[in-house]
Amino acid sequence: MAASIVKRVSRVKKLNISHISARYKLLTGFRHFSTSKQWNKALVLGVYENESTDSIDFTGTARKFDEKADGKISQLLLTVKKPLKCGKTRTLHAVDPEFSSVLVTCIGKRGEGYDELETVDKGRESIRAAVAKAVLQLRELGENEIEVDSCGDTEASAEGCHLALFSYDDLKAEKSRKPAVRISCATRYSQDKNCMEEEWRKGAILAEGQNLSRRLMEMPANLLTPTKFAEIVKEQLADKCEVLVRDKDWAESMKMGSFLSVARGSVEPPVFLEIEYKGRQSDSPLALVGKGVTFDTGGISIKPSQGMDAMRGDMGGAACVAGSLLSVSKLQLPVHVKAFIPLCENMPSGSATKPGDVVTAMNGKTIQVDNTDAEGRLILADALCYSEQFNPSLILDMATLTGAIDVALGAGAAGVFTNSDDMWNKLQKASVRSGDRVWRMPLFNHYTKKITECQLADLNNIGGSRSGGACTAAAFLKEFVNNKNWLHLDIAGVMSNSGDVAYLGKGMSGRPTRTVIEFINLMSKETKN
Ligand code: BES
Ligand code: ZN
Ligand code: ZN
């Protein structure tokens, strides 16, 4: 969101702010800056971890600033004995006439990169975390314009700042909201300013996509109904993508009996979104599919009430698809993407599906619904079948599908089930860059047997026991896919952040949006897509 803050400021100056409707502000998190506001400028500089007590290992940009300030920054840092450790900061005031605060943040050891066991680029992750901490501290100090060191990786630096400054406080009183902050890259000493600006813009757009996912996931389910989700997606993507909003009659005509069996318990009408981004002409688009349960009560197999509010985020797969498309289209990646998003509520009512009911999916397979809380796989079954009609070169689905994946992996990584080693390698490569990790899980026949042993129908929607719950869910989805390049991402474990990721605040995470954007970027380099 903050990625476009600077641009929006100039637009706001031209517009009469009062004409911008409260509704638009509520839905988009639109913020404006008062023109009478005093700018409090601050600077973030990076240093590497260094044992020496008589020298500072500055980044290139930080060294230039120190030289310009006649070495005042290094002098002040060296007045205390203890060198800065990774993730720690020092805030200096009155060192430069232009900035009220200069915050020095430690970005870890010089030269740190890919860590094989951790499957992450530690250098990039340290930069994201270090600048995130810095900008949040400066916002607390009342600074509202911050220039940030690229820290040797401009894209990661931009990602860290823009992700950290996100907060969903649209529904709070003005005085309780986080103040808006203008953020930019410290390019003035760069050899190639344009290149740096371009990298910064890319990082900001990656973060903007994830922030859209977070905002959609965080929105309460009474405001974010299937209909409203479609409206927001149209508003966000319509100028770059074609957005088709299909209704219940359409889903009936497509014989999506599995999807409709979930929607029938709610008074909110279901919606099936079909989105197309054509960054290139091709007959075989990349297909994205996202679970869009805007609230999951469990249906007749109702969930316990404790923590049920989190089920407003059960459209996390759909949100990540929308967020990914926003970034892919803003980056104008040369790729053809088609997205399919089934949206509905899972509610108990007199018209809800009952345990033991049998429904028929679009491909004709019959399903015995023994647990109405295993609804994600039911709506995805039809969406996956439908996506196959477009001759996709790959199908990637994302879903907050099972509590079992959270038991298995926690928030450490999204679980990935795929029939393609090549796709797996590319997705993992993308996740190393994004820092938002993935971990491969099995698609053995062992799990398929659990869902094909069924009394009344071709398939049962649950595996019979709790064991391997994420794997039986994936095995169920496999029954609806023929594509040789299929990836299913179970993102229930990474749905929210409770402090594990330093540069994401607490709340809905929008993970793994940036990994998927990077993956699409990698795929766009292959000519056939
Ligand atoms: N939406 C849930 C999965 C979930 C759990 C998402 C925790 C995010 C956080 C899903 O629809 C569900 O309820 N799955 C059941 C499946 C079971 C009935 C086989 C589960 O995981 O318990
Ligand atoms: Zn459920
Ligand atoms: Zn669910």
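Residues numbered from 1 in each chain as written. Chains lettered and ligands numbered in written order. Predicted model: local features only at pLDDT ≥ 70, side-chain atom pairs only at ≥ 80, totals over all residues. Heavy atoms only, no water.

**Details of the coordination of the zinc ion (ligand 3)**
- Protein ligation of the zinc ion (ligand 3) involves Lys291 (NZ), Asp296 (OD), Asp314 (OD) and Glu375 (OE), the donor distances falling in the range 2.0 to 2.4 Å.
- Summarised as a motif, the one-chain spacing of the donors to the zinc ion (ligand 3) is K-x4-D-x17-D-x60-E.
- Here the zinc ion (ligand 3) and the zinc ion (ligand 2) are spaced 3.2 Å apart, linked through Asp296, which binds each one. Note that Lys291 is positioned in the loop between β10 (286–290) and β11 (292–296) and Asp314 in the loop between β11 and α11 (316–330), a separation of 23 residues in sequence.
- For Lys291, a relative accessible area of 2% gives the class buried.
- According to the relative accessible area criterion, Asp314 is buried, its value standing at 2%. (Donors = N, O, S within 2.8 Å, 3.2 Å for Na, K, Ca; no water. Helix = DSSP H or I, 4+ residues; strand = E, 2+ residues; numbered from the N terminus. Buried < 20%, exposed > 50% of the residue type's maximum accessible area, 1.4 Å probe, protein only.)

**Quick word on the site of ligand 1**
- Near ligand 1 you find 16 residues, and of these Lys303, Asp314, Asp373, Glu375 and Gly403 are the closest.
- Between Thr400 and ligand 1, the recorded distance is 3.4 Å, taken from a backbone N or O atom to a nitrogen atom.
- In the model, an oxygen atom of ligand 1 is placed 2.7 Å from a nitrogen or oxygen of the Gly403 main chain.
- Relative to its unbound accessible area of 520 Å², ligand 1 is 76% covered by the protein chains.
- Looking at the shell around ligand 1 residue by residue, the classes come out as five nonpolar, four polar and seven charged. (Near = heavy atom within 4 Å. Polar contact = N/O pair within 3.5 Å; in protein donor to acceptor, adjacent residues only side chain to side chain. Areas by Shrake-Rupley, 256 points an atom, 1.4 Å probe, with all protein chains shown as cover. Nonpolar A, V, L, I, M, F, W, Y, C, P; charged D, E, K, R; others polar.)

**Here's the deal with the coordination of the zinc ion (ligand 2)**
- At the metal site, the zinc ion (ligand 2) is ligated by Asp296 (OD), Asp373 (O), Asp373 (OD) and Glu375 (OE), and these contacts range over 2.0 to 2.2 Å.
- Each of the six donor atoms bound to the zinc ion (ligand 2) contributes to angles spanning 70 to 168°, and the resulting shape is irregular.
- According to the relative accessible area criterion, Asp296 is buried, its value standing at 3%. (Tetrahedral: all angles 85-135°; square planar, octahedral: opposite > 155°, others 65-115°.)

**Some remarks on the pattern of salt bridges**
- Applying the stated rule across the entire model yields 40 salt bridges.
- Residue Asp153 is joined to Arg124 by a salt bridge in which the shortest nitrogen-to-oxygen separation is 2.8 Å. In this pair, Asp153 sits in the loop between β6 (145–148) and α6 (154–164) while Arg124 sits in helix α5 (residues 122–140), placing the two residues 29 residues apart along the sequence.
- Take Asp153: its relative accessible area is 18%, and that puts it in the buried class.
- Connected through salt bridges with shared partners, the residues Arg124, Asp153, Glu155, Lys202, Arg433 and Glu518 form a single ionic network. (Salt bridge = Lys/Arg side-chain N within 4 Å of Asp/Glu carboxyl O.)

**Notes on the domain arrangement of the protein**
- For the protein, the assigned domains are domain 1 (41–191) and domain 2 (213–527).
- Of the roughly 1,700 Å² buried where domain 1 meets domain 2, counting both sides, 56% is carbon and sulfur surface.
- By the criterion of area lost to domain 2, the three top residues of domain 1 are Leu163, Phe166 and Tyr168, representing 34% of everything that side buries.
- The tally of links from domain 1 across to domain 2 stands at four salt bridges.
- Note that Arg215 and Asp170 form a salt bridge whose closest N and O atoms lie 3.6 Å from each other.
- Put simply, domain 1 and domain 2 have nine residue pairs in polar contact (both at pLDDT 80 or more) between them.
- Mapped onto the side of domain 1 that touches domain 2, the elements with two or more residues apiece are β5 (120–121), α5 and α6.
- Broken down by class, the residue content of the side of domain 1 that touches domain 2 amounts to nine nonpolar, three polar and eight charged. (Domains from an automatic or database assignment. Buried area = accessible area lost by both parts, 1.4 Å probe.)

**Thoughts on the packing of aromatic side chains**
- The final tally for this structure, using the stated rule, is eleven aromatic pairs.
- A ring pair is formed by Trp250 and Tyr386, whose centres lie 5.1 Å apart and whose planes are at 85°; its orientation type is edge-to-face. A residue pair is termed long-range when its members are at least 10 positions apart, and Trp250 in helix α9 (residues 248–253) and Tyr386 in helix α12 (residues 376–388) qualify at 136 residues.
- Here Trp250 falls in the buried class, since its relative accessible area comes to 14%.
- Ring plane angle 45° and centroid distance 5.3 Å describe the contact between Phe476 and Phe480, whose orientation is recorded as tilted.
- Judged by its relative accessible area of 0%, Phe476 falls in the buried class. (Phe/Tyr/Trp six-rings, centres within 6.5 Å; stacked < 30°, edge-to-face > 60°.)

**Focus on the sheet that holds strand β1 (residues 41–47)**
- Sheet architecture is open: five strands sit in the order β2-β3-β1-β6-β7, paired in mixed fashion. The sheet terminates laterally at β2 (89–96) and β7 (182–185), the two strands that pair on one side only. Direction aside, neighbouring strands of the sheet carry axes that sit 25° apart on average.
- Across four bridges, the pairing between β6 and β7 is parallel. Paired with Glu145 across the bridge in β7 is Arg182.
- Packing of helix α3 (residues 60–68) onto the sheet brings it into contact with β1, β2, β3 (99–106) and β6, and relative to β1 it is tilted by some 120°. (Pairing = 2+ DSSP bridges. Axes fitted to C-alpha atoms, helices over the stretch in contact; angles between N-to-C directions. Contact = heavy atoms within 4.5 Å.)

**Thoughts on the environment of Asn50**
- Looking at where Asn50 falls in the secondary structure, it is placed in the loop between β1 and α3.
- Ignoring sequence-local partners within four residues, the contact set of Asn50 consists of Ser55, Ile56, Asp57, Pro83 and Leu84.
- Of note is the side chain of Asn50, whose polar atom sits 3.2 Å from the backbone nitrogen of Ser52.

**Comments concerning the pairing of strand β19 (residues 486–490)**
- A large share of β19 lies buried, amounting to five of its five residues.
- What you see with β19 is no split at all: Trp486, His488 and Asp490 on one side and Leu487 and Leu489 on the other are buried throughout.
- Note that strand β15 (residues 394–399) and β19 share five bridges and pair parallel. Counterpart to Ile395 in the pairing with β19 is Trp486.
- Pairing between strand β16 (residues 414–418) and β19: four bridges, direction antiparallel. Its bridge partner being in β19, Phe417 is matched across the sheet by His488.

**Some remarks on unusual backbone geometry**
- The amide bond that connects Arg511 to the next residue, Pro512, takes the cis arrangement and shows omega of 0°.
- Mapped onto the fold, Pro512 is located in the loop between β21 (507–508) and α17 (513–524).
- The phi torsion at Asp70 lies on the positive side, around 55°, for a residue other than glycine.
- Of note, Asp70 is situated in the loop between α3 and α4 (72–78).
- Look at Gln332: it is not a glycine, yet its phi comes out positive at around 50°.
- Take Gln332: it is sitting in the loop between α11 and β12 (336–346).
- Residue classification places Gln332 among the exposed positions, given a relative accessible area of 64%.

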